[in-house]
Amino acid sequence: MIGQAVALKSDVPFPPEVGDFYLPSIVPWGGLDSLWFTKITALVWVSTALIIVFFLLAYRKPKLVPGKAQWIAESTYGFVRNNIAVEMLGARGVRFAPYLATLLLFIVFNNLWSIVPIAQISPNSHIAFPAFLALISYVLFNYVGIKKFGFRKYMRNSLIPPAPWFVLPILIPIEFFSTFLVRPFSLAVRLFANMFAGHMLLLVFTLGGFAMLQANTALAPISVLSWLMTIALTLLELLVIFLQAYVFTVLTASYIQGAVSEEH
Amino acid sequence: MNLSAAVEHSPILPLWQEIVVGGVAFAVLCFVLMKFVFPRMEETFKARVDAIEGGLKRAEDAQSEANKLLEQYKAQLAEARTDAAKIRDDARADAEEIRQEIQARAREESDRIIAAGREQLNAERQQIVRELRAEVGTLAVDLAGRIVGESLSDEARRRGTVDRFLSELESTGSR
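Quick caveat, the model's predicted, so the values are computed rather than measured.

A. Broad picture of the overall build of chain B. Helix and strand counts for chain B come out as 2 helices and 0 strands. The proportion of buried residues among the 175 residues of chain B is 6%.

B. Region of the structure containing the overall build of chain A. If you tally the helices and strands in chain A, you get 8 helices and 0 strands. For chain A, the N- to C-terminal ordering of α and β elements is α-α-α-α-α-α-α-α. Intrachain contacts of chain A at a sequence separation of at least 6 include 61% that bridge at least 24 residues.

C. Representation of unusual backbone geometry in the model. Residue and element names in this part refer to chain A. Of note, the phi angle at I118 is positive, near 75 degrees, even though the residue is not glycine. Phi is positive for Q120, which is not a glycine, with a value near 55 degrees. Inspection of the secondary structure puts Q120 in the loop between α4 (97-112) and α5 (128-149).

D. Here's a closer look at the UniProt feature "transmembrane region" (unreviewed entry) in chain A. Residues and elements named next belong to chain A. The sites that carry the UniProt feature "transmembrane region" (unreviewed entry) are, in the present numbering, residues 36-59, 96-115, 127-144, 165-185, 191-213 and 225-247. Span residues 165-185 is 86% helix and 0% strand, its end C-alpha atoms 29 Å apart. Structurally, residues 225-247 comprises 100% helix and 0% strand, and the distance from its first C-alpha atom to its last is 32 Å.

E. Region of interest: the confidence of the model for chain B. Residues and elements named next belong to chain B. With 88% of its residues at a pLDDT of 70 or more, chain B has an overall mean of 85. Counted against residues more than four places away or in other chains, residues 1-6, with its pLDDT under 50, gives 17 contacts. Confidence estimates for the predicted assembly give a pTM of 0.69 and an ipTM of 0.83.

F. Inspection of the interface of chain B and chain A at higher detail. Taken residue by residue, the interface counts 35 residues in chain B and 41 residues in chain A. Of the residues that constitute the side of chain B that touches chain A, the class distribution is 25 nonpolar, 7 polar and 3 charged.

G. Main features of the packing of α4(A) against helix α8 (residues 220-260) of chain A. Residue and element names in this part refer to chain A. The geometry of α4 relative to α8 is characterised by a closest axis approach of 9 Å and an angle of 155 degrees between their N-to-C directions. Taken together, the axis directions place α4 and α8 in an arrangement best described as roughly antiparallel. In this structure, the crossing between α4 and α8 has a hand that is right-handed. On α8, the residues touching L100, L103, L104, I107, V108, N111 and L112 of α4 are I241, F242, Q244, A245, F248, T249, T252 and A253. Within the contact of α4 with α8, the residues separate by chemical class into 11 nonpolar, 4 polar and no charged.

H. Spatial organisation of the confidence of the model for chain A. All names here are of chain A. The share of residues in chain A with pLDDT of 70 or more is 92%, and the mean pLDDT across the chain is 87. For chain A, the element scoring lowest by mean pLDDT is helix α1 (residues 2-8), at 44; α4 scores highest, at 94. Note on residues 1-10: pLDDT under 50 across the span, and 17 contacts to partners over four residues away in sequence or across chains.

I. Focus on the environment of A:P24. Within the secondary structure, A:P24 sits in the loop between α1 and α2 (39-58). For the pair A:P24 and A:K39, spaced 15 residues apart in sequence, the C-alpha to C-alpha distance is 7.6 Å.

J. How the structure looks around the environment of A:F79. All names here are of chain A. Tracing the backbone shows F79 in helix α3 (residues 68-89). For F79, a count of 14 C-beta atoms within 10 Å corresponds to the partly exposed category. Spatially, the C-alpha atoms of F79 and A101 are 8.5 Å apart, while their sequence positions differ by 22 residues.

K. Main features of the nonpolar core. The biggest cluster of nonpolar side chains holds 62 residues, and the ones touching the most others in it are A:A85, A:L100 and A:I256. Put simply, the parts of the chain that give this core at least two residues each are α2, α3, α4, α5, α7 (168-215) and α8 of chain A together with α1 (16-148) of chain B. Counting residues per element, this core draws most heavily on α4(A), at 11 residues. Those residues in contact with A:I256 that lie beyond four places of it in its chain are A:L89, A:F96, A:L140, A:F141 and A:V144.

L. Spatial organisation of the UniProt feature "transmembrane region" (unreviewed entry) in chain B. Following the UniProt record, the feature "transmembrane region" (unreviewed entry) maps to residues 19-38 of chain B here. In this annotation, residues 19-38 of chain B is assigned 100% helix and 0% strand; the end-to-end C-alpha distance for the span is 26 Å.

M. Structural detail: the environment of A:E74. Within the element layout of this structure, A:E74 appears in helix α3. A:E74 sits in the partly exposed class, given 19 other C-beta atoms within 10 Å. Sequence spacing of A:E74 and A:P62 is 12 residues, and the spatial spacing of their C-alpha atoms is 9.8 Å. Sequence-distant contacts of A:E74, defined by excluding residues within four places in its chain, comprise A:P66 and B:M41.

N. How the structure looks around α5(A). Residue and element names in this part refer to chain A. Compared with an ideal rise of 1.5 Å per residue, which puts 22 residues at 32 Å, α5 spans 32 Å between its outermost C-alpha atoms and is within 8% of the ideal. By the burial criterion, the buried members of α5 are A128, F129, P130, A131, L133, A134, S137, F141, N142, V144 and G145. G150, located one to two residues past α5, shows a positive phi value of around 85 degrees.

O. Expanded view of the packing of α2(A) against α3(A). All names here are of chain A. Here α2 crosses α3 at 120 degrees, and the two axes come no closer than 8 Å. Taken together, the axis directions place α2 and α3 in an arrangement best described as oblique. Both α2 and α3 take part in a crossing whose hand is left-handed. Between α2 and α3, the contacting residues are F55, L57 and A58 on the first element and A69, Q70, I72 and A73 on the second. Its residues assigned to classes, the contact of α2 with α3 comprises 6 nonpolar, 1 polar and no charged.

So, how was this worked out
- Residues numbered from 1 in each chain as written.
- Chains lettered and ligands numbered in written order.
- Predicted model: local features only at pLDDT ≥ 70, side-chain atom pairs only at ≥ 80, totals over all residues.
- Helix = DSSP H or I, 4+ residues; strand = E, 2+ residues; numbered from the N terminus.
- Buried ≥ 20, exposed ≤ 12 C-beta atoms within 10 Å, placed from the backbone.
- Contact = placed C-beta atoms within 7 Å.
- UniProt positions renumbered as here; feature names shortened; annotations may be inferred.
- pLDDT = per-residue confidence, 0-100.
- Nonpolar A, V, L, I, M, F, W, Y, C, P; charged D, E, K, R; others polar.
- Axes fitted to C-alpha atoms, helices over the stretch in contact; angles between N-to-C directions.
- Parallel < 35°, antiparallel > 145°, perpendicular 65-115°, else oblique.
- Left-handed = near helix turned anticlockwise from the far one by under 90°.
- Core = buried A, V, L, I, M, F, W, Y, C linked by C-beta atoms within 7 Å.
- Expected span 1.5 Å × (residues − 1).

This is how it looks when you write it as structure tokens:
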């Protein structure tokens, strides 16, 4: 939005850069560089508040035959519970369903800001949020595994695949690397990069339209094409929003499943 | 364009303030949803399953009860039908018997009446014959006396003649 507002003036900042993701503080105290009250943190608070308010209202008086709001709330939870938690973890997945559902909701709502007019940037395009969520998933699956098997057996389960002894010297470092180092990193970066790239693409096509228009009025048709691309990419972004939230949740469930299963 | 451009940000390095904000927000969300919302949903799910299963069970019970009643009614109906058939047969047999009996009695009665009638007729005829015989005899004698001019007062002779005459008449009449 800032980009567009500026674009309407004479100088179109093109191409967009990383700095575009870091917006000024929205409250005067603490200075403009204060990072506590930016658009990003405001959006995080708003999405958290929205989820809490909706679910508390929808589930104020649960009935056996649900109304519309209750039905939506139950479907959301039921989807995570049955299609992710129970499907991947079996009956013991019900225990993890509340956390997984909360995780999915938090990611979806924060992702959604990337295509909501005015907001149009997702907090998840700042790596701090995906990184924090990935850290929780990492701690969670290790904790669950260690609690179930004890530290030694858990490590043995995780690190020693059923393979001939002479390949183990190669396999164990690989397993360690993939399970304990790459997993949290890939979780965080996957979500962050998708939201970052989505925002960047929208910026490129929106600002590009203005830049071309300004450079030469004859390029106006191409500017229109560029803005049409923005609309198409917004729809793509909508898909990515749900897909990435789903992937994050499913992978977390899958890591938990890997940690609690007997076999490697 | 970005007013905070004075501070260089790397997109890969997380800002600790945002980690704190995200962490707190997520923790609050987890607390509220996992404490106040999702457990109640599980309860509702369970209650719903119970309700549905209870409903199914009740429906099944009602169904089997209905089936039992139906069987019972069918049996009763069949029994009633058999009874009715038996009663009808009995009635038919009774009616036949009664009819025969009445017929027999009627025949007997008619025979009796006919016999009585015949007897009475006979008796009357006899009486009439007797009376006629007496009268005809007297008349004939009177007539003959008048014609012949002599009084046939000889009783014995007269009766003999008359009787002979009448017997002749009878035998001709009966021929």
